[in-house]
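As a plain string of letters, each chain reads:
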Amino acid sequence: MKACNQCGKCCIKYGDGGIEATVEEIDMWAIFRPNIYQYVREYKLWFDPDTQQQLSQCPFLEKLPNQKANEPVKYSCGIYEDRPQDCRLYPSSINEMVRDECEMIETFDLTHPKQAQVAFEKLIDH
């Protein structure tokens, strides 16, 4: 299993309201991070502050500038330290990674799921 390569697949897949934040997180954003809170509507994520429409992508997903034209695009989180708990806990299982086409998974992991699970648990513990 590889370390995260910042492909952004997870953020792109779930950034259209597919994740949740805890009530406590949202209440803290309301007080201390209004730049995040402005994208919350009725304790749901991510809405355009002007139109009130659901966004198709997390507003804090940032494309990193590529050094070379042939390199894959990498992404970063603009609110990494304050990201929702759903984001902090992702991925939660090998099956979820496979379903979401996570680039951390290697061919060996698919053919040796028990070993992949051990490798995964080591990665998320750090």
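One can find the structure itself at the top, above this paragraph.
This structure is a prediction, so every number in the text was calculated from the model and none was measured.

Caption draft 1: Inspection of the overall build of the chain at higher detail. A tally of helices and strands in the chain yields seven helices and two strands. Each helix (α) and strand (β) of the chain, taken in turn from the N terminus, gives the series α-α-α-β-β-α-α-α-α. With the principal axes as the frame, the chain shows a C-alpha extent of 45 × 35 × 25 Å. A burial count over the chain gives 28% of its 126 residues as buried.

Caption draft 2: Examining the pattern of salt bridges more closely. Applying the stated rule across the entire model yields five salt bridges. A salt bridge links Arg33 to Asp82; the nearest nitrogen and oxygen atoms lie 2.0 Å apart. With Arg33 in the loop between helix H2 (23-32) and helix H3 (34-37) and Asp82 in the loop between strand S2 (75-77) and helix H4 (85-88), this residue pair connects regions lying 49 residues apart in the sequence. Judged by its relative accessible area of 27%, Asp82 is partly exposed. In this structure, the salt-bridge partner of Arg99 is Glu96, at a minimum N-O distance of 3.7 Å. Here Arg99 pairs with Glu96, and both are found in helix H5 (residues 94-99), just three residues apart, close to one helical turn. A cluster of three or more residues bridged by salt bridges with shared partners is formed by Lys13, Glu96, Arg99 and Asp100.

Caption draft 3: Up close: H2. Buried residues of H2: Glu25, Ile26 and Trp29, and no others. Looking down the long axis of H2, one finds its buried residues gathered within 95° of arc, a one-sided arrangement. In this structure, H2 carries Glu24, Ile31 and Phe32 as exposed residues pointing more than 90 degrees from its buried face. On the buried face of H2, the contacting elements are H3 and H4.

Caption draft 4: Quick peek at the side chain of Glu25. With respect to the helices and strands, the residue Glu25 is situated in helix H2. Arg88 provides the closest opposite charge to the buried, salt-bridge-free Glu25, at an N-O distance of 4.6 Å. Only 2.7 Å separates the side chain of Glu25 from the backbone nitrogen of Gln85, close enough to count as a polar contact. Apart from the residues lying within four places of it in its own chain, the contact partners of Glu25 are Arg83, Pro84 and Gln85.

Caption draft 5: Representation of the nonpolar core within the structure. Trp29, Ile36, Leu45, Trp46 and Phe60 are the most contacted members of the largest nonpolar core, which has 17 residues in total. If near-sequence neighbours (up to four positions away) are discounted, Leu45 is found in contact with Gly17, Ile19, Glu20, Ala21, Trp29, Tyr39, Val40, Gln54 and Pro84. Core analysis: the second largest hydrophobic core is formed by seven residues, Ile94, Cys102, Met104 and Ile105 among them.

Caption draft 6: Molecular detail of a nonpolar patch on the surface. Together, Met28, Ile31 and Phe32 line one region of the surface with nonpolar side chains, adding up to about 350 Å² of accessible area. Checked against the element boundaries, Met28 lands in helix H2.

Caption draft 7: Structural view of the packing of aromatic side chains. For the coordinates displayed, the defined rule picks out four aromatic pairs. Residues Tyr14 and Tyr90 carry aromatic rings whose centres are separated by 5.7 Å and whose planes lie at 55° to one another, so their mutual orientation is tilted. In this pair, Tyr14 sits in helix H1 (residues 9-14) while Tyr90 sits in the loop between H4 and H5, placing the two residues 76 residues apart along the sequence. Each member of the pair, Tyr14 as well as Tyr90, is classed as buried. Seen from their ring centres, Trp29 and Trp46 are 5.9 Å apart, and the 25° between their planes marks the pair as stacked. Note that Trp29 is positioned in helix H2 and Trp46 in the loop between H3 and strand S1 (61-63), a separation of 17 residues in sequence. A network of ring pairs unites the aromatic residues Trp29, Tyr39, Trp46 and Phe60 as a single cluster. We note Arg83 situated over the ring of Tyr80; from NZ or CZ to the ring centre the distance is 3.8 Å.

Definitions and limits used
- Residues numbered from 1 in each chain as written.
- Predicted model: local features only at pLDDT ≥ 70, side-chain atom pairs only at ≥ 80, totals over all residues.
- Heavy atoms only, no water.
- Helix = DSSP H or I, 4+ residues; strand = E, 2+ residues; numbered from the N terminus.
- Buried < 20%, exposed > 50% of the residue type's maximum accessible area, 1.4 Å probe, protein only.
- Salt bridge = Lys/Arg side-chain N within 4 Å of Asp/Glu carboxyl O.
- Arc of directions from axis to C-beta.
- Contact = heavy atoms within 4.5 Å.
- Lys, Arg positive; Asp, Glu negative; His and termini not counted.
- Polar contact = N/O pair within 3.5 Å; in protein donor to acceptor, adjacent residues only side chain to side chain.
- Core = buried A, V, L, I, M, F, W, Y, C linked by side-chain atoms within 4.5 Å.
- Patch = residues over 30% accessible without salt bridge, like charges linked within 9 Å, V, L, I, M, F, W, Y side chains within 5 Å.
- Areas by Shrake-Rupley, 256 points an atom, 1.4 Å probe, with all protein chains shown as cover.
- Phe/Tyr/Trp six-rings, centres within 6.5 Å; stacked < 30°, edge-to-face > 60°.
- Lys NZ or Arg CZ within 6 Å of the ring centre and 35° of its normal.

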